[in-house]
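Each chain, written out:
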Amino acid sequence: MSDQSLNDRSPLAARIVGNRAYDDMFRWVLLMALICLGAVILWDYGYLNYLIDNDTSGISTLIIAVFGVGSLYCLWFLFDLSGEMSALARVMRGLEDGGVPDMDSAIARLSQSRRVARVVGDLTTMQRTSAGSPETVLQAFASELRGPVRLGVFISDTLYKLGLLGTVIGFILMLVSMRDLGEFDVETMRAALQSMTGGMAVALLTTITGLSAGVLLRMQFNVLDSLALRITQTLVRFSEVVLPAVTKG
């Protein structure tokens, strides 16, 4: 029974563990484990409860929700692209050590890979017909891979902007409390100071939440960007080194 058949029949976890193509996904898991540990510590000390209770604008809760959705989006594409990287690495090893006899067999083994199989097929056709520019195909593919990264950067910037929006809302609440200040007796001053404190709490809490969530989400998409770059570099080596050697052979 061939190694390919064994890989196809083995459980998903067995194919992932020990596969270097999934290193970036494991880095994401490690990063999220640290983030979850920090969240548990903050919850244990009451900081998250304080954040939710004192942010009357609800922007901090929105930021946390967007951060969670963005993290799952990043994980989805990490898993997807790691599978593409794994398939490409197996085929390249097979072409280099003779386990895969020709390019037709290589393309057949990439049948379950949506993106890489298309690019490998295009590069093979160009190599055989000496038509077209492999550099253009690789640049277009690199741009396609970075599409989710660009969206992730946009989401991260949106979290920063939400934090700044909360800052503006907090200062508006402070100004409103000063506007309603008509008398200078003790009770009126106490109510005004409480409103000012609440406005300042909204401003500072949303700012720190937006900045923290934006930085942490950006770190996750940097991991995804690293994986996209690794796939592109592997395809460049395939196009410049492996494919010409196989075609001439």
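The structure presented is a predicted model; accordingly, all values stated were derived computationally and were not measured.

Caption draft 1: Highlighting the pattern of salt bridges. Here the structure, examined in full by the defined rule, presents seven salt bridges. In this structure, the salt-bridge partner of glutamate 84 is arginine 115, at a minimum N-O distance of 4.0 Å. Residue glutamate 84 is located in helix α5 (residues 59-97), and its partner arginine 115 is located in helix α7 (residues 114-129); the two are separated by 31 residues in the primary sequence. Between glutamate 144 and arginine 118 there is a salt bridge, with its nearest N and O atoms 2.6 Å apart.

Caption draft 2: Just the nonpolar core, in detail. By size, the foremost hydrophobic cluster in this structure holds 50 residues, and its most contacted members are Ile231, Leu235 and Phe238. Going through the elements one at a time, α3 (23-44), α5, α6 (103-109), α7, α8 (134-145), α9 (147-179) and α10 (186-248) are the ones with two or more residues in this core. Of the residues forming this core, the biggest block, 13 residues, is contributed by α5. If sequence neighbours within four positions are ignored, leucine 235 has contacts with Leu88, Val116, Val119, Val120, Leu138 and Phe141.

Caption draft 3: The arrangement of the confidence of the model for the chain in detail. Put simply, the chain has an average pLDDT of 82, and 84% of its residues get 70 or more. Here helix α1 (residues 3-9) stands out as the element of the chain with the lowest mean pLDDT, 44, in contrast to α3, whose mean of 93 is the highest. Considering only residues more than four positions removed or in separate chains, one finds that residues 1-10, a stretch of pLDDT under 50, has seven contacts.

Reading the values: rules and limits
Residues numbered from 1 in each chain as written. Predicted model: local features only at pLDDT ≥ 70, side-chain atom pairs only at ≥ 80, totals over all residues. Heavy atoms only, no water. Salt bridge = Lys/Arg side-chain N within 4 Å of Asp/Glu carboxyl O. Helix = DSSP H or I, 4+ residues; strand = E, 2+ residues; numbered from the N terminus. Core = buried A, V, L, I, M, F, W, Y, C linked by side-chain atoms within 4.5 Å. Buried < 20%, exposed > 50% of the residue type's maximum accessible area, 1.4 Å probe, protein only. Contact = heavy atoms within 4.5 Å. pLDDT = per-residue confidence, 0-100.

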